[in-house]
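Structure at a glance
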Amino acid sequence: MGNVIGIGAAPKRKEDQRFLTGRGNYVADIKRPGMTAGVFVRSPHGHAVIRGINKSAALAAPGVVAVLTGDDVAADKLGSLPCGWGITDAKGVPMKEPPYPMLAQGKVRFVGDIVAFVVAETPEQASAAAELLTVDYEVLPSVVGVLDAVGPGAPQLFDDVPNNICCDWELGDKAAVETAFKKAAHVAKLSLVNNRLIGNPMEPRAAIAEYEPGTDRYTLWTTSQFPHVVRFLMGALVLNIPQHKLRVVAPDVGGGFGVKQFHYGEEAVITWAAKRVRRPIKWVASRSEGYVSDRHGRDHVTEAELALDETGKFLAFRVKTLANMGGYLSTFGPNIPTNLYGPLLGGVYTTPAIYCNVKVVFTNTVPVDAYRGAGRPEATFVLERIVDVAAAEMGIDRVEIRRRNMIPKEAYPYQTPVLVQYDSGDPVGCLDGALVAADVKNFGARKAASASRGKFRGLGYSTYVEACGLAPSRFAGRLGARGGLYESATVRVHPTGQVTVLIGTHNHGQGHETTFAQIVSDRLGVAFENVDIVFGDTDRVQFGMGTYGSRSLVVGGAALSKAADKVIVKGKKIAAHLLEAAEVDIQFEAGKFSVAGTDRTKTFEEIAGAAYVPHDYPLEVLEPGLEEQAYYDPVNFTYPGGCHIAEVEVDPETGTVTLVNYTAVDDVGTVINPMIVEGQLHGGIVQGVGQALYENAVYDEGSGQLLSGSLMDYCMPRADHLPMMTVATHSTLCTHTPMGVKGCGEVGTIGSPAAVINAVVDALSHLGVTHVDMPATPNRIWRLLQNASLPVAAE
Amino acid sequence: MKPFAYHQPGQIPEAAKLLISVEDAKILAGGMTLLPTLKQRLANPPALIDLSKLGNLKGITDEGATITIGAMTPHAVVAASKLVQTKLPALAALASMIGDPAVRNRGTIGGSVANNDPAADYPAGVLGLGATVITSTREITADKFFRGLFETALEPNEIITAIRFPLPLKAGYAKFKAPASRYALVGVFVAKFADGVRVAVTGAGPGVFRVPPMEAALSQNFDPSAIAAIKIDTDGLTSDIHAEADYRAHLVTVMAKRAVDAALT
């Protein structure tokens, strides 16, 4: 018998047994009898008309089984890849939603757009045949940047989308904001770019599809964060496969960060093709292929203005953003820079009036969608940067101006002017904790020590809040969601008392198999080792919306908690019968059902046994078996937040920025497993540091070629870029989730870019530098210093 | 990867014969550049000639006034060699900065020099030290060997067997790593000999090159201050998404100073 390992403990992760011993089961590991290999032929052009495709040489190549193109998709009358959100403009006019065919039809709109699918006996034969496919392109000029895309004379991606604008979206009280600006003692202004990112999960995307003629059933194994949603979107909306005839399996998945939370054309093409060729087909993307087909993130150009009174109180905030959607609408695409951006512009401050206008724009680039944080890092960056700009312009200390505007702990629940209502939080507490943890009071001495070595040292703050636990379905529906955002869990108690949980979230690095087992162990008093978590298979798990938006613990964990409660309720009924007591007198604690005030008890195992061997059982009023299911739809988002403090050192000779200290004090609500939370915070912070200092997806204007097309040119943060981090929690409990949890998957990525850039600007402020765009590369910093007000000689 | 014939000759003449008898055959040394190119189907050589079974191409020899390093010696061996660390520490340091541990254990000095990648480290060391490239047929001085972007003086049937380095009085290498690839965005090798100073730059342009004004200044006064004011012309320097030409030019001066600093410590 093992031990109960409950909430707050930090056991080693269950899943690491298989991962660390090489026994994981990823899509690329799976082999099916008679399996063929598929290769996607992708557009080498950013923008072109397809005049014709000649398949004959490819079809005649050795080992080729099939060559499929957009004409075949059209002939089969298949659906467009669906967008899961429909946003509207200020007048209520729906966004422009041009079709996204799973194989390009008539035109290609980004380098990487899928033109054909080649199936052959081996991957080598498929690759060789793909090179023989002749596509006659009429190359058109590409447009890759949002400013260019909305400008006069820009190449137009779609005939019926003038100026490439998908939607001109807005939020907030425009008139109230204008009135407040007229009264302002000071207006801070800031123009900035939020750089385009590539997600880079460790495991590239992959899929295997198989069709069984005997049962008319399809199986798709795919690297997905949400297999049930893929089954719905692909089966119901693209391929017209009934839900009961389609199984989607997402087995072990090596990281997602959002990249794998969309329904991709590759999944639909391979599933459709598997039936046509009557054999299983496998496709595994290369890293290079991922760079031109995995959905990218961020890519905003923004102008922001903050109105303040003479004491530095924020009166109003106005933000105008152009957001890049890429060549088509991806699954969540238009939702990210709108609904997950505008409502976060209040931050942790009492700003009474906010207006946000976002033009969502098509360009000849990979479609842009959610990437860890998704909209919320962009909002936090704009807000936390302009707060620093305002403080500098008004001569108010950066910490002090934040304090003056922070929502006090006792003011929660707090209704913002941009839809969301924060249930709980303590921004001042997080700030105070971080100031101590970061040893801010001795920063001056550290700065002087750096100066003595010819280096500039800077300190940067980010006091932020995010909305996660996506999402309350009714609220999301009003904002344009076309699906629900609840979660489900089944707690299956076996006759021997061990437990299998079937849950609709997906574990691809987050440690769910451990965290969820702790919840069950805690609730039911079952040994930690006697709980297994099953996910990622639509034939095994009832339903689910998957893992994204820091929702798994908040929404899935809540469903699990509710299902466990139902098990206890039923267990009490069984115990009441066996112990010959009234149900109300049965207590459940530490894995034992007992009659209050007596020593009469039944163990959890005894109750489970009685439920499955119902010889002495209230069969007249109670069904046998012990398995309960719950669906949970949250009543609100959760609002984790905190204070991050970055400390950097800049080498003025080379422009190199070194992150020397990093401190985060975060409010993530109840912590189930502190080791896993710490790991999530570390990983999230590093991804934000990556955006701030290193990562940048760069396209060539005109041709639409991705210049940062591999890890040789796209810089990921590495271990030697990073200091040891100080990470702590200062939690207030969420008032509406069953366990008080808030989620922690994205906080690091949301809080950190602003902290790092604020530190870089602080380090250079004595030279008149007021803003640095991301990533703060050595080349960029050196150029800023060249143009700065003080000369910086090489020595 | 497309199919190719694979040869593993045991003797240098056999390897040289294969190299001329099979058109477009490629030599496989460590494969650190060649294999990724093949995997991405960017090259389609009909045959690879693997040098790993050739005797005596691996190893480091102390000749007193010179050190000779076999062409198939991996970077990690050079970096860890007590002999190189003692007599030519700047070269051991250079080798320790190449790529990552996997690359250093597979990649070879001969492969790096023959490939002459414009951002590789070894060309700076070979040119900066005025080393001699020894091939299957002759000896070529570094000044005559490197000819710009991926170009060398090697004939089609010629195979590098070793590099012979003279021992300087002092030498240093300073590398500003490209953030993503960790190749040299700019790398400068400085070597002081009895008869003068050599300065070789990699990463900044289409091929490794020397900087005569810095060499003259350092020959007068081997100190970072001697070259602090020497600016490199941006003409012909590389501009890309990581660094524009003027930034690279600036870094040449900074890295040259740091290389002198390294030589003096």
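In this report, we go over the structure that sits alongside the text. (Residues numbered from 1 in each chain as written. Chains lettered and ligands numbered in written order. Predicted model: local features only at pLDDT ≥ 70, side-chain atom pairs only at ≥ 80, totals over all residues. Heavy atoms only, no water.)

Observations regarding the overall build of chain A
Of the regular secondary structure elements, chain A holds 20 helices and 28 strands. Radius of gyration (C-alpha) of chain A: 28 Å, near the 28 Å computed for a compact globule of 795 residues. The dimensions of chain A, computed from C-alpha atoms along their principal axes, are 90 × 75 × 50 Å. Out of the 795 residues in chain A, the part that is buried amounts to 63%. Once local pairs closer than 6 in sequence are excluded, the contacts in chain A between residues at least 24 apart make up 80%. (Helix = DSSP H or I, 4+ residues; strand = E, 2+ residues; numbered from the N terminus. Rg over C-alpha atoms; globule rule 2.2 N^0.38 Å. Buried < 20%, exposed > 50% of the residue type's maximum accessible area, 1.4 Å probe, protein only. Contact = heavy atoms within 4.5 Å.)

Quick look at the sheet that holds strand 3 (residues 47-50) of chain B
Residues and elements named next belong to chain B. With parallel pairing, 3 strands are arranged side by side in an open sheet as 1-3-2. Looking at strand neighbours, the two that pair on one side only are strand 1 (5-7) and strand 2 (26-28), the edges of this open sheet. Strand-to-strand twist of the sheet, defined as the mean angle between neighbouring strand axes without regard to direction, takes the value 25°. Of the pairings in the sheet, the one linking strand 2 to strand 3 comprises 3 bridges and is parallel in character. (Pairing = 2+ DSSP bridges. Axes fitted to C-alpha atoms, helices over the stretch in contact; angles between N-to-C directions.)

Let's talk about the pattern of salt bridges
Inspection of the entire model under this criterion finds 57 salt bridges over all chains. The salt bridge involving K55(A) is made with D72(A); its shortest N-O contact spans 2.9 Å. You can see K55(A) sitting in the loop between strand 2 (48-54) and helix 2 (56-60) and its partner D72(A) sitting in helix 3 (residues 70-75), a full 17 residues away along the chain. E131(A) is the partner of K2(B) in a salt bridge, and the nearest nitrogen-oxygen pair spans 3.3 Å. Taken together, the positions of K2(B) in the segment before strand 1 and E131(A) in the loop between helix 4 (123-130) and strand 6 (134-139) put the pair across two chains. Put simply, D439(A), K441(A), R446(A), R453(A), R457(A), E647(A) and E649(A) are held in one network by salt bridges that share partners. (Salt bridge = Lys/Arg side-chain N within 4 Å of Asp/Glu carboxyl O.)

Structural notes on the environment of P94(A)
Residue and element names in this part refer to chain A. Its place among the elements puts P94 in the loop between helix 3 and strand 4 (107-108). P94 sits 74 residues away from D168 along the chain, and the two C-alpha atoms are 9.8 Å apart. When near neighbours in sequence (up to four residues on either side) are disregarded, P94 contacts I87 and T88.

Remarks on the sheet that holds strand 1 (residues 36-42) of chain A
Residues and elements named next belong to chain A. Spatially, 7 strands are ordered 3-5-1-12-9-10-11 in an open sheet, and the strand pairing comes out mixed. Two strands in the sheet have a free side with no partner beyond their single neighbour: strand 3 (64-69) and strand 11 (246-249). Strand-to-strand, the axes of this sheet are offset by a mean angle of 20°, without reference to chain direction. Alignment of strand 3 against strand 5 (residues 114-120), held across 5 bridges, turns out to be antiparallel. Following the sheet pairing, V67 is matched in strand 5 by V118. Strands in contact with helix 7 (residues 227-238) are strand 10 (217-222) and strand 11; relative to strand 11, the strand with the most contacts, it is inclined by about 140°. Packing against the sheet, helix 8 (residues 265-277) makes contact with strand 1, strand 3, strand 5, strand 9 (206-212), strand 10 and strand 12 (281-284), and its axis sits at approximately 30° to strand 9.

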